[in-house]
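Residue strings, one per chain:
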Amino acid sequence: PTVPFIKVAESFGVTLLISVPLLPTPLLQEKTLPPFEAMKTPSQQCLQLVRSIPGVLAPKVGHKQASHVEENIQVATVSPLSQTDFYDRVAKPVV
C-alpha cells in the first residue's frame, strides 16, 4: 500500500514546511474553505487550514505587497486548529 509522504515524515519525527501559492489557489476562488471564526479573508482562511494540517510546521507564502504581509500575519494571532477540529472541519462539506 502507498503511504502519504506526510505520514512517512511524521514517522521520522519530521515536520514539513508547505509552499502555499495563494493567488491561483482554487480554494480561494471557489469558496470551498470551511469557516474560521477569527479569519476575515479567504487568504487567512487558507493559511489557517494549511498550518493546521497535522505534521505541517508552517505554510511558506510569498508576498508581493506589504499589505499582504500585514493581512496574513494576523493568522499568527490565533492558534492552529487541534487535530480533531481540523479533521471535523475538512470532513464536512461547505454549503
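Residues numbered from 1 in each chain as written. Predicted model: local features only at pLDDT ≥ 70, side-chain atom pairs only at ≥ 80, totals over all residues. Heavy atoms only, no water.

### Focus on the overall build of the protein
Stated precisely, the cut-off is as follows: Per the convention used, a helix needs a DSSP run of H or I reaching at least four residues, while a strand needs a run of E reaching at least two, with both numbered from the N terminus. Throughout, exposure labels follow a simple rule: accessible area from a 1.4 Å probe, protein chains only, divided by the maximum for the residue type, with under 20% read as buried, over 50% as exposed, and the rest as partly exposed. Residue contacts follow a heavy-atom distance rule, with two residues in contact if any of their heavy atoms lie within 4.5 Å. All accessible-area figures derive from a Shrake-Rupley calculation using a 1.4 Å probe, and residue coverage is judged against the displayed protein chains alone.
Counting secondary structure elements, the protein contains five helices and two strands. Beginning at the N terminus, the succession of helices and strands in the protein can be written as α-β-α-α-β-α-α. Classification of the 95 residues of the protein by burial places 28% in the buried group. If you take every contact in the protein between residues at least 6 apart in sequence, the share linking residues at least 24 apart comes to 69%. Counting only carbon and sulfur atoms, one obtains 62% of the accessible surface of the protein, whose full area is about 6,700 Å².

### A closer look at the side chain of Gln48
Following the sequence through the fold, Gln48 ends up in helix α3 (residues 42-51). If we skip the residues at most four places from it in the chain, Gln48 touches Phe36, Met39, Val75, Val78, Ser79, Pro80 and Leu81.

### Details of the packing of aromatic side chains
Our working definition: What counts as a ring pair is set by centres within 6.5 Å for rings of Phe, Tyr and Trp (its six-membered ring), and what kind of pair is set by the plane angle: stacked under 30 degrees, edge-to-face over 60, tilted for all other angles.
For the coordinates displayed, the defined rule picks out one aromatic pair. Plain terms: the ring middles of Phe86 and Tyr87 are 5.2 Å apart, the flat faces sit at 70 degrees to each other, and that makes the pair edge-to-face.

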